[in-house]
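# Report on the structure
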Amino acid sequence: MAPVRIATRRSALARWQASLVGERLGRYELVEVHTAGDRDQASSLAEIGGQGVFVKEVQAAVVRGEADIAVHSAKDLPTAAGPLLLAAVLERADARDAIVGARLEELAIGARVGTSAPRRAAQLRLLRPDLEVVSIRGNIATRLGRVGELDAIVMAVAALERLGLEEPPWWPLPEEVLCPQAGQGAIAVECAPDADGLIERLRSLDDDRSRREIEAERAVLAAFGTGCALPLGARAHADGSSLRLRAVAVDPDGTRQLEVEREGVDPATLGATVAEVLRRLGADALVGARP
Ligand SMILES: NCc1[nH]cc(CCC(=O)O)c1CC(=O)O
């Protein structure tokens, strides 16, 4: 059988994730796509094109027939339907965020903590109003390189684990302390909607429990029409046929947080319900309010 051509971003994390999928499939080759988000490190993601900036160019390689499948971090995948079919969600890794460089409790008053995600920044400000939250961007290595100049940074546990990074030291933050982004820790595999045969091969990589969790989480985001640009977190836990979903919406200033937790069976319905409750509590005004 011909090797499966896998479209991926060029970052070390993206290539690691694409290779994991490739190894599960047998023979594969990586088709590396240099995305605008990777090229332009100076601008904020909102300036470059916001949610989906990393994903669209990778998808386009499959649409053009240069690759057979696209592999993404599930949390980078826009909630609006794209050109491809989400054929598999791999068994999820640790969904939590980590603090790198120093434990949260160890940080002195006024310590400088780096993150680029509004969700992380807002939750950090809420937890520790004394901290100075500094905006950082770039690939994992670039961000880790800021530790020292900054007292700590926050990034996904999954990224640190996949790249085998133990230095600088890091500690996972409990989900109740920092609610993860919808889809965090999960890898999504897409192909053309008419790729018969390939769809079945990809389905064999799908982990039903992880898929249901991220479906519920993404349904919360979808209801707000948003992605990583707004301070919203969502984390579901599947247990047998039931799901427990918790979502938080934080004012970007970190002065107020709304929190909802519900159980359900159907992921999409549960996500929509949680979003509706958040909304009734005033989440639109909260997350939309730019400082
Ligand atoms: N937006 C960048 C991004 N997309 C996915 C991950 C981590 C891996 C994952 O969550 O699966 C990261 C880095 C980070 O959040 O620190």
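Residues numbered from 1 in each chain as written. Predicted model: local features only at pLDDT ≥ 70, side-chain atom pairs only at ≥ 80, totals over all residues.

Using the following cut-off: UniProt positions are given in the numbering used here, feature names are shortened, and annotations may be inferred rather than shown by experiment.
Going by what an unreviewed UniProt entry lists, the chain is known as Hydroxymethylbilane synthase and is assigned to Acidimicrobium ferrooxidans. On record in UniProt, under Function (unreviewed entry), the comment for the chain is "Tetrapolymerization of the monopyrrole PBG into the hydroxymethylbilane pre-uroporphyrinogen in several discrete steps." For the record of the chain, the UniProt heading Sequence similarities (unreviewed entry) holds the text "Belongs to the HMBS family."

## Concerning the sheet that holds strand 7 (residues 132-134)
Put simply, the test is: At least two DSSP bridges between two strands are needed for those strands to be called paired. A run of DSSP states H or I qualifies as a helix once it reaches four residues; a run of E qualifies as a strand once it reaches two. Both are numbered from the N-terminal end. Each axis is a line fitted through C-alpha atoms, and for a helix only the stretch in contact is used; angles between axes span 0 to 180 degrees, taken between their N-to-C directions.
Read across the sheet, five strands follow the order 7-6-8-5-9 without closing on themselves; strand pairing throughout is mixed. Two strands close off the open sheet at either side, each with one partner strand: strand 7 and strand 9 (170-172). With direction set aside, neighbouring strand axes in the sheet form an average angle of 25°. Bridge analysis of strand 5 (residues 97-100) against strand 9 gives three bridges, and the strand direction is antiparallel.

## Re unusual backbone geometry
Cis peptide bonds are those with omega within 30 degrees of zero, and the linkage from E167 to P168 qualifies with -10°. Within the element layout of this structure, P168 appears in the loop between helix 7 (157-162) and strand 9.

## Looking at the site of the ligand
Quick reminder of the rule: Any residue whose C-beta atom, as placed from the backbone, lies within 6 Å of a molecule or strand is termed near it. Basically, the charged four are Asp, Glu, Lys and Arg, the nonpolar ten are Ala, Val, Leu, Ile, Met, Phe, Trp, Tyr, Cys and Pro, and anything else, Gly included, counts as polar. Domain limits in this description derive from either an automatic procedure or a database domain assignment.
Close contacts around the ligand come from S73, K75, D76, M155, A156, A158, A159, Q184 and G185, and that covers them all. Looking at the shell around the ligand, the elements that each hand over two or more residues are strand 8 (152-156) and helix 7. Of the residues belonging to the shell around the ligand, the class tally is four nonpolar, three polar and two charged. Both domain 1 (4-90 + 186-206) and domain 2 (97-172) contribute no fewer than three residues apiece to the shell around the ligand.

## Section: the pairing of strand 3 (residues 69-73)
The test is simple: The exposure scheme places C-beta atoms from the backbone and then counts, for each residue, the other C-beta atoms within 10 Å of its own, assigning buried at 20 or more, exposed at 12 or fewer, and partly exposed in between.
Among the five residues that make up strand 3, five are buried, leaving the element largely enclosed by the rest of the structure. Neither face of strand 3 is left uncovered, since the one carrying I69, V71 and S73 and the one carrying A70 and H72 both have all their residues buried. With five bridges connecting them, strand 3 and strand 10 (residues 187-191) associate as antiparallel partners. Counted as the bridge partner of S73 is I187 from strand 10.

## Brief notes about the environment of D206
Let me state the cut-off plainly: C-beta atoms are placed from the backbone for every residue, and two residues are taken to be in contact when these atoms lie within 7 Å.
As for its position among the elements, D206 is in the loop between helix 8 (198-203) and helix 9 (208-224). Put simply, D206 and I153 are 53 residues apart on the chain and 32 Å apart in space, counted from C-alpha to C-alpha. Setting aside anything within four residues of it in sequence, one finds D206 in contact with A88, V89 and R211.

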